[in-house]
Every structure is written in C-alpha cells, then in structure tokens.
Amino acid sequence: MTPRARALVRSWIPIVCLVAVAPPAIAGEPVEVPVFCDDFELADACDWTAVPSCAAVCGVSGSCNVDYCDCPPGTPFGFLEGHWSGTWEDTIYEVSGAVEATFSIVCGQVVAAGVIDLSDLGLGSQSGTGIGTVAGDTLSFTFEAAMVGGGSGTLTLAGAAGGAQIGASGTGSGSGSVTAPLSFGPFTFSGSVTATTITGTFDFTNPGGGEGDVSLAKD
Amino acid sequence: MCRAGFWIRAVAASVDAAVAFVGTLLLASSLGFFFAERAVVTLRIGQPGTWWKGPVPMMLGVVSTVSYLLPFVAAVVWSLDVWGGATLGKRLFGLRVRSADGRPMDVSRRLRRYAARTVFAWGWTLALLAGAWTLAVVATAGGVVAMAGCLMALGPESRALHDRVASTIVVRRRG
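Note that the structure is predicted; figures quoted are calculated from it, not measured. (Residues numbered from 1 in each chain as written. Chains lettered and ligands numbered in written order. Predicted model: local features only at pLDDT ≥ 70, side-chain atom pairs only at ≥ 80, totals over all residues. Heavy atoms only, no water.)

(A) Just the pattern of salt bridges, in detail. All names here are of chain B. Overall, the coordinates contain 9 salt bridges over all chains when judged by the stated rule. Put simply, D163 and R9 hold a salt bridge, and the shortest N to O gap is 2.8 Å. Residue D163 is located in helix α10 (residues 161-166), and its partner R9 is located in helix α1 (residues 6-42); the two are separated by 154 residues in the primary sequence. The two residues D163 and R9 agree in class, both being buried. Salt bridges sharing partners connect three or more residues here, namely R9, D81, K90, R113, R117 and D163. (Salt bridge = Lys/Arg side-chain N within 4 Å of Asp/Glu carboxyl O. Helix = DSSP H or I, 4+ residues; strand = E, 2+ residues; numbered from the N terminus. Buried < 20%, exposed > 50% of the residue type's maximum accessible area, 1.4 Å probe, protein only.)

Right under this line is the structure:
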C-alpha cells in the first residue's frame with residue numbers, strides 16, 4: 001500500500017469506527033470491539049491521536065489491533081475528565097491566585113495538565129503536568145512543574161462500588177516539595193474529590209511556611 | 001598595592017554570599033529550623049493582626065529554614081574580615097582591608113567596619129533571638145542604608161560607607 005493510499009485509509013478510519021456500537025466502559029476485562037480496519041497497520045497501539053477511532057469506540061482510549069479495539073477496563077476515575085478551574089489561597093500570608101487543570105484518561109491512566117497563577121509572588125503563571133496510575137479504587141499520582149517543583153500522592157475513592165463513574169467521590173493526600181529555583185520547602189496536602197468539586201488544603205511543613213486551601217469546580 | 005575597585009569587590013562579595021548560602025543550606029535542617037521557629041514567634045506569623053503577610057513574607061516563610069538563618073551565617077562569614085583582615089572572597093582575589101593610611105587595621109577599626117557592614121545581619125539575628133520585631137525593623141532600615149552605602153565604592157576613592165565609618169580602604173595586591 002502506498003503512503004498516499006494508507007493516508008486515505010487513515011482518513012476513513014474514524015468515520016468507519018464511529019459507526020461501531022461502543023459498549024459502556026466499565027471496570028472489568030478488556031472489551032474487543034470490531035472496527036473493520038482490515039489491511040491497516042498501526043505503529044503505536046495507544047496513539048489514539050493518530051488513530052482516534054478506538055478512542056471514540058471505547059469512550060476513553062484503546063489499543064488498536066488490525067480489526068478490533070482492545071478497550072481498557074473502565075476506570076472509576078473517569079469522572080475526573082474535563083476542565084476544572086478554581087483558586088488557591090494561602091491563609092497565613094493572605095496571598096491567592098487562580099488554578100486550573102484539565103484531566104483526561106489516556107491508555108487507562110489519568111493525565112493532567114494544569115496552570116497555577118503565582119503572579120502575586122512575581123512568578124507569573126506556571127504550568128505543570130501530572131499522571132496517575134489506577135489500581136482498583138486508588139489513584140497513585142505524581143505531578144511536577146518545571147519552575148515550581150513536584151510531588152506525589154494517592155486518591156482513594158469512597159462509595160465507587162463496581163467502578164461506577166457517576167457520582168463518585170473520594171479523599172486523597174500526599175506530599176511534595178517545591179524545588180529550585182524557588183527552593184520552597186516540603187509540603188503536604190489532603191483533600192476530597194467529587195464529580196463536580198475538588199477541595200483540599202496544603203501545608204508547607206517548615207516553621208512559618210504557608211498553608212491554605214485549594215478549590216476547583218468542574219466547568 | 002592599589003585600591004580595589006568596586007567591581008572586583010562586588011565579585012569578592014558575591015563569593016562570600018555564595019559561601020554563606022552554602023553554609024546556610026548545610027545548617028538549614030538544624031540551626032535553620034531553630035531560627036525559623038524563632039521567626040514564627042518574633043514576627044507573629046499566622047497570628048491575628050500580624051503585619052507580616054503578603055508575597056515577600058510568604059516566600060521567606062516557605063524557605064524559612066534558609067531565609068531566617070542566612071543573616072547569621074553571613075555575619076559569621078564576614079567576621080573573617082575582623083579575624084584575618086579578609087573574607088574568603090577577598091582572599092580569592094587578593095584583596096585586603098587596611099587602615100586609610102595603608103597600614104594594617106587596629107582592633108577598633110576592624111570592629112567598627114564589621115558593625116557597620118553587618119547591621120542588617122546581626123540586627124535580624126538578635127531580633128529573632130530576642131523575639132523583638134521592632135529590632136528587625138530597625139535592622140532592615142539599617143541594612144538598606146548599608147546596602148546603599150556600598151554603592152559609594154563606585155566613587156573615585158573606592159570606599160564604601162563602612163570603609164568611611166571605620167577609616168579603612170580595601171587594597172589589591174599587584175600581580
């Protein structure tokens with residue numbers, strides 16, 4: 001198949017695959033969904049940006065084979081997907097700013113991209129990324145921002161029996177450290193998550209370090 | 001020997017600052033923790049009605065084990081001027097502090113120069129130890145004057161404010 005022909009096939013893949021009936025993405029075994037993609041080779045099984053068909057079929061993401069999509073087990077953290085925005089405030093020093101994040105589920109992992117407004121500290125807006133791995137009802141995540149630092153934590157769902165994605169909620173906690181060039185000290189955080197809100201507190205553990213609140217709402 | 005100009009002195013001072021910073025980092029988890037706790041008491045951090053809030057106090061606060069210890073360590077590093085006639089930075093660049101007439105400093109000049117130079121560092125250190133925020137305010141004001149006084153070394157005599165207070169000069173060995 002010539003590159004041009006292959007490109008032509010690629011262009012039709014999303015349309016063909018969108019016709020397929022997608023099963024509900026719930027926790028459990030991978031689901032094979034025919035997408036009639038014969039005579040098509042995929043370089044990256046999970047590169048759903050190149051082949052969006054399986055993302056559409058599976059509702060989230062999926063590893064694509066020659067003629068079917070392997071939909072990953074549905075994650076109970078699907079309710080995080082979307083754009084969230086809110087504020088952070090240090091209640092000790094009365095400094096605040098905006099914060100926003102976008103969560104998506106990629107290949108069964110929770111991926112986040114966020115921006116925190118540190119203009120009050122003369123640092124402008126700092127962007128960062130995060131990634132979380134799901135194990136049962138627990139999400140273990142790490143996050144980092146080049147100019148600020150990073151951390152890790154866990155989020156455990158409560159009342160998400162059977163991997164239900166609607167109305168799920170949970171509590172989480174973790175720790176981190178703000179690194180160079182700011183070299184802020186270590187901090188801890190804890191909070192709770194619902195389908196529409198994320199609220200939490202942070203505490204720089206050094207004496208005299210800041211502490212405060214973060215709250216986000218789903219747009 | 002000739003008088004050291006502003007920029008060579010500035011570079012030497014930068015070396016001293018780097019030494020002080022490294023020393024502070026090494027002591028941050030021990031002595032730094034103590035000074036940070038003293039800062040909470042002295043500056044009434046987190047207490048109702050405290051004036052110590054806003055962006056700058058916040059940034060100092062989150063690195064409290066470093067920021068509140070640094071003045072003390074800097075004062076110690078600068079004390080080499082008193083004991084040995086030159087700090088590490090000055091030695092590195094062949095600089096020495098002398099009396100205005102070129103002779104070695106006597107004790108009185110050494111102490112006067114040191115006091116004028118470290119008014120901010122010792123002021124803050126003593127303020128934290130004594131829990132007296134008013135002393136910190138005075139030290140800060142003195143520090144601003146001392147810092148501005150360093151720019152006097154840009155003049156033809158290459159003498160900063162603390163040199164004039166103590167009737168000293170900084171000389172550089174030729175070669």
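(B) Molecular detail of helix α2 (residues 55-62) of chain B. Of the positions making up α2(B), those classed as buried are B:P57, B:M58, B:G61 and B:V62. Buried residues in α2(B), looked at end-on, bunch into an arc of 125°, giving them a common side. Tucked inside the fold, the buried residues of α2(B) contact β4 (82-90), β5 (95-106) and β12 (197-204) of chain A together with α3 (64-67) of chain B. (Arc of directions from axis to C-beta. Contact = heavy atoms within 4.5 Å.)

(C) Focus on the side chain of B:T118. Within the element layout of this structure, B:T118 appears in the loop between α7 (107-117) and α8 (119-130). Beyond its immediate chain neighbours, meaning those up to four positions away, B:T118 contacts B:A75, B:W78 and B:G123.

(D) Quick peek at the environment of A:D90. Relative to the helices and strands, A:D90 resides in strand β4. For A:D90, a relative accessible area of 0% puts it in the buried group. In this structure the C-alpha to C-alpha distance between A:D90 and A:G212, which are 122 residues apart in sequence, comes to 4.1 Å. Dropping the residues within four chain positions of it, A:D90 is found in contact with A:V95, A:F202, A:G210, A:E211, A:G212 and B:M58. Polar side-chain contacts of A:D90 include one of 2.9 Å to the backbone nitrogen of A:I92. A polar contact of 2.9 Å, which involves the side chain of A:D90, links it to the backbone nitrogen of A:Y93. (Polar contact = N/O pair within 3.5 Å; in protein donor to acceptor, adjacent residues only side chain to side chain.)

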